[in-house]
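Architecture and fold: a report
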Amino acid sequence: MGVLSARFLRFALLVCTLGGLYFLAVQKHEDRDRMRLSAVELTPTCKAKLDAYGLSAGSTYRSPYLVRVSGMAPVMEGYSEEDVRAIQRGCNIIDDLQGFMAQGGNAERWNAQRFVRGSHTTCTHCHQDAGDKQDAEGNRLKGSNNLGASWVMADMYDRFTGLILSHELRQMQCYINSSNGFKPNISDDLLRDVTAYSRFIAAALDLKIGNRYPEQGMDEIPAAATGRRGDDYVRGAFIYRERCASCHGPQGFGLVADGRVVYPAVAGRNSFSLDSRMNFAAVNTIMPGFICRNMPPGAEGSLDGQQCRDIAYFLSTLPRPAGDLQGPLAAVWQQLMMIVMPPLTAYADSLQRGDLSRAPH
């Protein structure tokens, strides 16, 4: 009788545990459904951008952008209330991945942070101006990584992985590499909302599916496009110190103020991983192009191609998280370097400045 009672007790405990987990899962799904029906509090950038593009629910849509640049615009199928909320959430995710500007914290941003470990990066650090960067006259910029232009490419051959990648798979790569995080499920709300936002940008700019546009990706600066002096660590370190360190920090850890990232990390545990396309390598020259086109803020275009390659080369030598392609030994090595290198570098800098008072004893 005692044995039967113990078995029954264990069985009842198992049933209660499974029932509790099922109840929590149902509650979580219901909370998520309620959030999808609630109004979206837009970031300032998203509000300005979506208002300018005339996003609202209705049976038809005409792009104010096209009316302004061409005087006419095709009448397109409109958006439902649910579509509008999805587009708004997608813009918020791009502009504020980690919910720094959210009233409700991570929950309002659909808890994107659960997929992110690099806490000093966000989508808009690469996809600037919420993924739709334009010049002062409102012209789309070549090599600006526009999300709408990226979406109309549909399936893209990725020369770094050798795979055909859909828009959703490319987003998943960003979570894994650019934010040194984890892969969301391909049907996750995060991916669907960003896709909805990207589709809307494509419609507002009248970009055609299957076409290639100059603003789709980032400029690349191959060695052949420079003075062929080779990529140099010393030159890169010098230029970085003169032009970049005031924002990104002397060791590239970025600038955080009041819990918000003001300037992203370009090295260290909160930066992108070695598998990120922003990591400079022989087959990946995106970072020099990004630097030349976007840096330093307010003085864009002031660096030449060789300087941008030298900065990118210097940054590629700084420790950062390893990606899946490097393997466990490289991951351990990078983790060790991220611990050892910062104090050594700070010590070397203090010696160089003659500030021996900051040297360890």
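Residues numbered from 1 in each chain as written. Predicted model: local features only at pLDDT ≥ 70, side-chain atom pairs only at ≥ 80, totals over all residues. Heavy atoms only, no water.

Describing the state of the cysteines
What makes a disulfide is a covalent bond joining the sulfur atoms belonging to two cysteines. One pass over the structure, following the stated rule, counts two disulfides. Here cysteine 46 is linked by a disulfide to cysteine 91, with a sulfur-sulfur distance of 2.1 Å. Handedness of the cysteine 46-cysteine 91 disulfide follows from its S-S torsion of about -100 degrees: it is left-handed. Of this pair, cysteine 46 sits in helix 2 (residues 44-52) while cysteine 91 is found in helix 4 (residues 81-95), placing the two residues 45 residues apart along the sequence. The burial state of cysteine 46 is the same as that of cysteine 91; both residues are buried. Disulfide pairing is shown between cysteine 292 and cysteine 308; the S-S distance is 2.2 Å. (Disulfide = S-S within 2.5 Å. Helix = DSSP H or I, 4+ residues; strand = E, 2+ residues; numbered from the N terminus. Buried < 20%, exposed > 50% of the residue type's maximum accessible area, 1.4 Å probe, protein only.)

Regarding the packing of aromatic side chains
Applying the stated criterion to the full structure yields eight aromatic pairs. Relative to tyrosine 175, the ring of phenylalanine 115 lies with its centre 5.9 Å away and its plane at 70 degrees, an arrangement referred to as edge-to-face. Highlighted residues: phenylalanine 115 in the loop between helix 4 and helix 5 (128-131) and tyrosine 175 in helix 7 (residues 167-178), separated in sequence by 60 residues. Of the two residues examined, phenylalanine 115 and tyrosine 175, each falls in the buried class. (Phe/Tyr/Trp six-rings, centres within 6.5 Å; stacked < 30°, edge-to-face > 60°.)

Regarding the packing of helix 4 against helix 8 (residues 189-205)
Orientation of helix 4 relative to helix 8, taken along the N-to-C sense of each, is 100 degrees, at an axis distance of 7 Å. It follows from the interaxial angle that helix 4 and helix 8 lie roughly perpendicular. Across from Ala86, Ile87, Arg89, Gly90, Cys91, Ile93 and Ile94 in helix 4, the residues of helix 8 making contact are Leu190, Asp193, Val194, Ala196, Tyr197 and Phe200. Taken together, the residues of the contact of helix 4 with helix 8 break down into 10 nonpolar, one polar and two charged. (Axes fitted to C-alpha atoms, helices over the stretch in contact; angles between N-to-C directions. Parallel < 35°, antiparallel > 145°, perpendicular 65-115°, else oblique. Contact = heavy atoms within 4.5 Å. Nonpolar A, V, L, I, M, F, W, Y, C, P; charged D, E, K, R; others polar.)

A word on the pattern of salt bridges
Enumeration according to the criterion identifies 13 salt bridges in this entry. Its salt-bridge partner being aspartate 31, residue arginine 34 comes within 2.1 Å of it at the nearest N-O pair. Within this pair, arginine 34 and its partner aspartate 31 are both found in helix 1 (residues 2-37), separated by three residues, close to a single helical turn. Aspartate 189 serves as the salt-bridge partner of arginine 192, at 2.4 Å between the closest nitrogen and oxygen. Of this pair, arginine 192 and aspartate 189 are both found in helix 8, three residues apart, which corresponds to roughly one turn of the helix. Assessed through its relative accessible area of 46%, arginine 192 is described here as partly exposed. The exposure class assigned to aspartate 189 is buried, which follows from its relative accessible area of 2%. (Salt bridge = Lys/Arg side-chain N within 4 Å of Asp/Glu carboxyl O.)

As for the layout of surface pockets
Counted as a void, the second largest pocket has a volume near 660 Å³. Around the second largest pocket, the lining comprises 26 residues; the ones closest to its centre are Tyr233, Pro250, Phe314, Leu318 and Thr345. Elements represented by at least two residues in the lining of the second largest pocket include exactly helix 9 (233-243), helix 12 (305-316) and helix 13 (327-352). A per-element tally of the lining of the second largest pocket places helix 13 first, with seven residues. Partitioning the lining of the second largest pocket into residue classes produces 16 nonpolar, seven polar and three charged. (1 Å grid on protein atoms, 1.4 Å probe; cavity = no way out; pocket = protein on both sides within 12 Å on 5 of 7 lines; lining within 4 Å. Points joined across faces, edges and corners; volume = space filled by probe spheres on them.)

Quick notes on the side chain of asparagine 146
Mapped onto the secondary structure, asparagine 146 falls in the loop between helix 5 and helix 6 (147-151). Judged by relative accessible area, which is 0%, asparagine 146 ranks as buried. Of the polar contacts made by the side chain of asparagine 146, one reaches the backbone nitrogen of glycine 148; its length is 2.7 Å. Those residues within four positions of asparagine 146 in sequence are excluded, and the remaining contacts are Gly131, Asp132, Ile201, Leu205, Leu207, Glu215 and Gln216. (Polar contact = N/O pair within 3.5 Å; in protein donor to acceptor, adjacent residues only side chain to side chain.)

Here we look at unusual backbone geometry
What is expected of a backbone is that most residues other than glycine have negative phi and most peptide bonds are trans. Residues methionine 295 and proline 296 are joined by a peptide bond in cis, for which omega reads -15 degrees. By secondary structure assignment, the location of proline 296 is in the loop between helix 11 (286-294) and helix 12. A positive phi angle is found at aspartate 129, which is not glycine, with a value near 55 degrees. Position of aspartate 129 among the secondary structure elements: in helix 5. Even without being glycine, alanine 130 reaches a positive phi, approximately 55 degrees. Mapped onto the elements, alanine 130 comes out in helix 5.

What about the confidence of the model for the protein chain?
As a general rule, the predicted coordinates of low-pLDDT regions are not to be interpreted in detail. Of the residues in the protein chain, 95% have a pLDDT of 70 or more, and the chain-wide mean is 86. Within the protein chain, the element-level pLDDT minimum falls on strand 3 (residues 156-158), averaging 74, and the maximum on strand 1 (residues 60-61), averaging 96. (pLDDT = per-residue confidence, 0-100.)

Here we look at the side chain of histidine 127
Along the chain, histidine 127 turns up in the loop between helix 4 and helix 5. Owing to a relative accessible area of 14%, histidine 127 belongs among the buried residues under this scheme. Among the polar contacts listed, one links the side chain of histidine 127 to the backbone oxygen of asparagine 145, at a separation of 3.2 Å. Residues contacting histidine 127, with those up to four places away along its chain left out, are Ile94, Asn145 and Leu147.

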